[in-house]
There are 2 protein chains.
Amino acid sequence: MKISTKGRYALRVMIDLAQHDNGEFIALKDIADRQQVTVKYLEQIVSALNKAGMLRSMRGNSGGHRLARPADQYRVGEILRVMEGDLSPVDCVGDPPAACPMQEGCATVEFWRGLGRVVNQYVDSYTLQDLADQDLTERVLSYSI
Amino acid sequence: MKISTKGRYALRVMIDLAQHDNGEFIALKDIADRQQVTVKYLEQIVSALNKAGMLRSMRGNSGGHRLARPADQYRVGEILRVMEGDLSPVDCVGDPPAACPMQEGCATVEFWRGLGRVVNQYVDSYTLQDLADQDLTERVLSYSI
DNA sequence: TTTATATCATACTTTTTACGTAGGAAAAAG
DNA sequence: CTTTTTCCTACGTAAAAAGTATGATATAAA
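Below is a summary of the structure that appears in this document. (Residues numbered from 1 in each chain as written. Chains lettered and ligands numbered in written order. Predicted model: local features only at pLDDT ≥ 70, side-chain atom pairs only at ≥ 80, totals over all residues. Heavy atoms only, no water.)

**Focus on the protein's contact with DNA strand C**
Line of reasoning, step 1. Taken together, 26 residues lie near DNA strand C, and Lys 40, Tyr 41 and Gln 44 of chain A together with Leu 28 and Arg 59 of chain B sit nearest.
Line of reasoning, step 2. Within 4 Å of the protein, atoms of DNA strand C come from sugar and phosphate in 63% of cases.
Line of reasoning, step 3. The contact in question runs from a sugar or linking oxygen of DNA strand C to an N or O atom on the side chain of Arg 59 of chain A, over 3.0 Å.
Line of reasoning, step 4. For DNA strand C, a phosphate oxygen lies 3.1 Å from a polar atom in the side chain of Asn 50 of chain B.
Line of reasoning, step 5. Among the elements of the structure, helix H3 (39-51) of chain A together with helix H2 (28-35), helix H3 (39-51), strand S1 (55-58) and strand S2 (64-67) of chain B are those that each provide at least two residues to the surface near DNA strand C.
Line of reasoning, step 6. By residue class, the composition of the surface near DNA strand C is five nonpolar, 14 polar and seven charged. (Near = heavy atom within 4 Å. Polar contact = N/O pair within 3.5 Å; in protein donor to acceptor, adjacent residues only side chain to side chain. Helix = DSSP H or I, 4+ residues; strand = E, 2+ residues; numbered from the N terminus. Nonpolar A, V, L, I, M, F, W, Y, C, P; charged D, E, K, R; others polar.)

What follows is the structure in structure tokens.
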């Protein structure tokens, strides 16, 4: 029940880009220095974020990356799901749902589905801007199962 | 962000014991047949549940296992945490919390702590009896970060 | 008291996934 | 045309997850 390092780093990269956003492209080297991760490892993560349309990238000298949209237009959940897939706790309630031999009359599937829903609602209740600003003031959600 | 098979099986074992509770000890063989898992694998899981005080076990002929308390006295979260540990999404907000070189001024730690809280509140909002009865009627929690 | 049936304890194997590294191609700017 | 950067893909290693195997120990019943 853990978020992978790729998911964690992806979020930190996006926060870093939000906090250092000045309209210019920011090189991975700079992010790597600040976040204490190798450029090579970040390349993989940023490549996935790029393909998912999360950022704009430019090659070559003075190239780099910047956010594709304003930071308050990203739900944190969107970013995490790029690296982690749907955040479902078990495969049978994932997307696509995995087949399960015990499906009929399974006493747990709806419970798991509800957990996935709760997790996704939580991570979607914050924007990238919230984290970049460290704005974690109390917020209340209600959810139903 | 997945629950392990041990966590899933542990829950199914407990539900099975709740549904077939007749005061007698129930042999792993019976559970294994119903749940389509090997006895040998279940032994490991049940051993952990037993050590955690989740059930009463009896060796020997006509031995087996039964719940240590009424099914409505188990929070589902208790059962899951036996197999999964605390259900925190990252180690730095776990119990015990792992050291992190980037601690000071980390923009994500409180976000992760909140996610762990939400997950634990959800799994603790159901009792074993709820799942055994398939009683997943809507319930609403509110949580704060 | 022997036998059959269970749990209990531990170690081992296998498979999968996570994590990180490496090498080089392609593009852009100066 | 050189430097700097992203881009692409493959590879390696280590850790964790998943499942097996062996044998000891306890209990009830024959």
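**A word on the pairing of strand S2 (residues 64-67) of chain A**
Residue and element names in this part refer to chain A.
Line of reasoning, step 1. The sheet contact formed by strand S1 (residues 55-58) and S2 spans four bridges and is antiparallel. Paired with Met 58 across the bridge in S2 is Gly 64.
Line of reasoning, step 2. In textbook terms, the turn of a hairpin is the stretch between consecutive antiparallel strands, and for S1 and S2 this stretch comprises five residues, one of which, Gly 60, has a positive phi near 80°. (Pairing = 2+ DSSP bridges.)

**What about the side chain of His 65 of chain B?**
Residues and elements named next belong to chain B.
Line of reasoning, step 1. In this structure, His 65 sits in strand S2.
Line of reasoning, step 2. Here His 65 falls in the buried class, since its relative accessible area comes to 13%.
Line of reasoning, step 3. Within polar-contact distance, the side chain of His 65 engages the side chain of Ser 57 at 2.6 Å.
Line of reasoning, step 4. His 65 has contacts with Leu 17, Glu 24, Phe 25, Ile 26, Leu 28, Val 46, Leu 55, Arg 56 and Ser 57, leaving out every residue within four places of it along the chain. (Buried < 20%, exposed > 50% of the residue type's maximum accessible area, 1.4 Å probe, protein only. Contact = heavy atoms within 4.5 Å.)

**Looking at the protein's contact with DNA strand D**
Line of reasoning, step 1. With respect to spatial proximity, 25 residues lie near DNA strand D, and among them Leu 28 and Glu 43 of chain A together with Lys 40, Gln 44 and Asn 61 of chain B are the closest.
Line of reasoning, step 2. In the environment of DNA strand D, a base oxygen lies 2.6 Å from a nitrogen or oxygen atom belonging to the side chain of Lys 40 of chain B.
Line of reasoning, step 3. Contacts to DNA strand D include Arg 59 of chain B, whose side-chain N or O atom sits 3.0 Å from a sugar or linking oxygen.
Line of reasoning, step 4. Listed by contribution, the elements that provide at least two residues to the surface near DNA strand D are H3, S1 and S2 of chain A together with H3 of chain B.
Line of reasoning, step 5. With five residues, the top contributor of residues to the surface near DNA strand D is H3 of chain A.

**Focus: the relation of the copies chain A and chain B**
Line of reasoning, step 1. Overlaying chain A with chain B gives an RMSD of 0.1 Å, the required rotation being 180° about an axis along which the chain moves by 0.0 Å. Both copies are brought into coincidence by an operation consistent with a two-fold rotation axis. Within chain A, Met 1 of chain A has its C-alpha nearest the rotation axis, a separation of 2.3 Å.
Line of reasoning, step 2. Most of the interface of chain A is mirrored in chain B: 100% of its interface residues are interface residues there too. (Least-squares fit on C-alpha atoms with pLDDT ≥ 70 in both.)

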